[in-house]
Amino acid sequence: MAKNLVIVESPAKAKTIEKFLGKDYTVKSSIGHIRDMPKKDMGIDIENNFQPSYVVSADKKKVVADLRKSVKTADQVYLATDEDREGEAIAWHLLETLNLPKDTPRIVFHEITKGAITEAITSPRTVDYQVVDAQQARRVIDRLVGFEISPVLWRKISGARSAGRVQSPVVRLVVEREREITKHTTQSIYKVKAELVNDNGEVVDVKLSKDFDSKDEAVVFTTALLDAKLSVSAIEKKPSKRSPKPPFITSTLQQEASQKLGFSVKQTMTLAQGLYREGSITYMRTDSFTLSETAIEAAGAVIEKTYGSDYHQVRRYKTKDAGAQEAHEAIRPTDLTRPEIYGLEDQAAKLYALIYKRTLASQMSDAKLQRTQIKTNISNRDETFVANGEILVFPGFLSVYDYLSSDDKLLPDLSQGDELTLVNFAARESFSRAKPRYTEASLVKKIEEMGIGRPSTFATMVSTVQDRNYVTKETREGVERAFQLIEINEGKVEQSEPIENAGAEKNKLFPTSVAYLLTDFLVKHFGDIVDYKFTANLETDFDTIANQGVVWQSVVKEFYGPFHAKIEAADDISREETHGMR
DNA sequence: CAGTGAGCGAGCTTCCGCTTGACTT
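Given the structure is predicted, the values throughout are model-derived calculations rather than measurements.

What counts as what
Residues numbered from 1 in each chain as written. Chains lettered and ligands numbered in written order. Predicted model: local features only at pLDDT ≥ 70, side-chain atom pairs only at ≥ 80, totals over all residues. Heavy atoms only, no water. Helix = DSSP H or I, 4+ residues; strand = E, 2+ residues; numbered from the N terminus. Buried < 20%, exposed > 50% of the residue type's maximum accessible area, 1.4 Å probe, protein only. Contact = heavy atoms within 4.5 Å. Axes fitted to C-alpha atoms, helices over the stretch in contact; angles between N-to-C directions. Parallel < 35°, antiparallel > 145°, perpendicular 65-115°, else oblique. Left-handed = near helix turned anticlockwise from the far one by under 90°. Nonpolar A, V, L, I, M, F, W, Y, C, P; charged D, E, K, R; others polar. Domains from an automatic or database assignment. Pairing = 2+ DSSP bridges.

Section: the side chain of serine 362
Then comes step 1: Within the secondary structure, serine 362 sits in the loop between α11 (346–361) and β11 (367–378).
Then comes step 2: For serine 362, a relative accessible area of 0% puts it in the buried group.
Then comes step 3: Leave out the neighbours within four places in its chain, and serine 362 touches Pro244, Lys245, Pro246, Pro247, Leu291, Gln313, Arg315 and Tyr317.

Remarks on the packing of helix α8 (residues 250–261) against helix α12 (residues 440–449)
Then comes step 1: Closest axis-to-axis distance for the α8/α12 pair is 9 Å, and the angle between their directions is 155°. With respect to each other, α8 and α12 are oriented roughly antiparallel. In the crossing of α8 with α12, the sense of the turn from one axis to the other is left-handed. Of α12, the residues touching α8 (which contributes Ser251, Gln254, Gln255 and Ser258) are Ala441, Ser442, Val444, Lys445 and Glu448.
Then comes step 2: Taken together, the residues of the contact of α8 with α12 sort by class into 2 nonpolar, 5 polar and 2 charged.

Description of the domain arrangement of chain A
Frequently, the measure chosen for interface size is the accessible area removed from exposure when the parts meet.
Then comes step 1: Along its sequence, chain A is organised into domain 1 (4–127), domain 2 (136–183 + 437–467 + 512–579), domain 3 (188–237 + 370–393 + 409–431) and domain 4 (250–361).
Then comes step 2: Placing a centre on the C-alpha atoms of domain 1 and another on those of domain 3 gives a separation of 67 Å.

Notes on the sheet that holds strand β2 (residues 25–29)
For sheets, the rule is that strands pair by backbone hydrogen bonds, running either parallel or antiparallel.
Then comes step 1: Here we have 3 strands laid out as an open sheet, ordered β2-β1-β7, and parallel in their pairing. At either margin of the open sheet sits one strand with a lone partner, and together these are β2 and β7 (76–79). Mean inter-strand twist for the sheet, computed between neighbouring axes without regard to direction, equals 20°.
Then comes step 2: Summarising the sheet, strand β1 (residues 4–8) and β2 pair through 5 bridges and their orientation is parallel. Opposite valine 8, over in β2, you have serine 29 as the bridge partner.

Brief notes about the pairing of β11
Then comes step 1: Taken together, the 12 bridges between strand β10 (residues 230–242) and β11 define a ladder with antiparallel strand orientation. Looking across to β11, one finds that serine 240 is bridged to leucine 369.
Then comes step 2: In sequence, β11 turns back onto strand β12 (residues 384–394) through a hairpin of 5 residues.

Here it is, written out as structure tokens:
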């Protein structure tokens, strides 16, 4: 019978670890957090030094009951929740709820490999109360912000139901982007492209070194070109290289799956969850670029065997993000000898293949390129025609990832002084574009850069702001727009005004009218909460709790004083005022 | 006389982060 009980967060993880540990160990999971403050009330005794009250969540009653049973029959319990702020807190909640002794061993590992787990068992520590306290400060502040501002909104802004440390800056981003787009005035310039040909009939695509501001200038140039002699004035060749990107983390997986496969953020996470559960990939909610050494070796072996050692380069990626907590590995296949999964739902198979390729590519050598630039002199003008070519000399990682053969722009072998003839010419009006609207994936990227939100919440966050009716995802058809076109046909300058479709949007995020009102209200009365640096500043405070033993209540108190004063002040604002704002 | 509608009052909403399925749109 098993004497040792190990408790982790994820059931899928529990299964894998149980295999590694053998018969003497039972591995159970908490399925995330087991306790929280009550759903309905504030659950914080503000007068009494912000004492939070915790209750076992309704959907975890069974889990806790089951764990209690297992604890009874075990000789030794190990708390093996993730090594990050939330994981430490879960370990503490387990300790309290299951009445475990304070010195219950706490073990941690950052990868699910046999080596990492057996190593962890031999070097236990105890629960780190400073880290737990940092989590409590985080939790209490989030509750205070959400539960004090939201009721103010119910009274002041019809349609506004909620505000929070994360969701409100997210809404603000979408609103501000839309305002920029509204303010944008399109300006037009004239871009010149041409096809030149040498004596052998080889064609070179060129563009002009300068754009024109007006149609008149473009016409003057085009007319001059009719009598011009074109000759190669300079050829410049230089080697360049491209390096692979690091393996996937949650946000980059969401990005690439959105761009390359057209998946929504939620869709990606659901598919990844399936792959994780069946053991095909590592954990999908992570902010770490790290690959385990066993994975690095396995990838290397596959690369050497399939492509040869020239294609292999061991790389270890480090995060630049100060807020990353790195409790897990990067997202990778668990078996690197398996490039594809057959008999699987189509979309999951595509996502797996993407993850496989990205992982393998991250351990491959640079692609080597030869860039060539050819400048062509125009006898009666100062501008020059420029042709850029790029030849793939050695594919390296591009053999498996990101390779588009159309990228290879081959230029004919020309020499300085070669005469060229114009065969095709177009100067077309092109319009300046406003910044693009966010997609779900680009919004996630943006908030991650700002250090707001965590990998486990990226997907729910983009759906929360839509559920609250602050943001809508829309596909809009463009409108017809005329543009000026100048061409050369049979030795004559010809002008026309064709129509193009402009401003079409697919699955882009738009703010609702409530979002404008809400954002303006929050910026005016709770500027620090919707400040994009709010979370980052809090993180520094949480670090002082975790690392320097600062009392968590002092951090909460310092925040709450000025914050609550603003709540009181906001209550005096008349509803008319909030409706006059726009 | 029956059906309509204005007006009033009561009850409800809410945060972020960690995990999965179950269960509706």
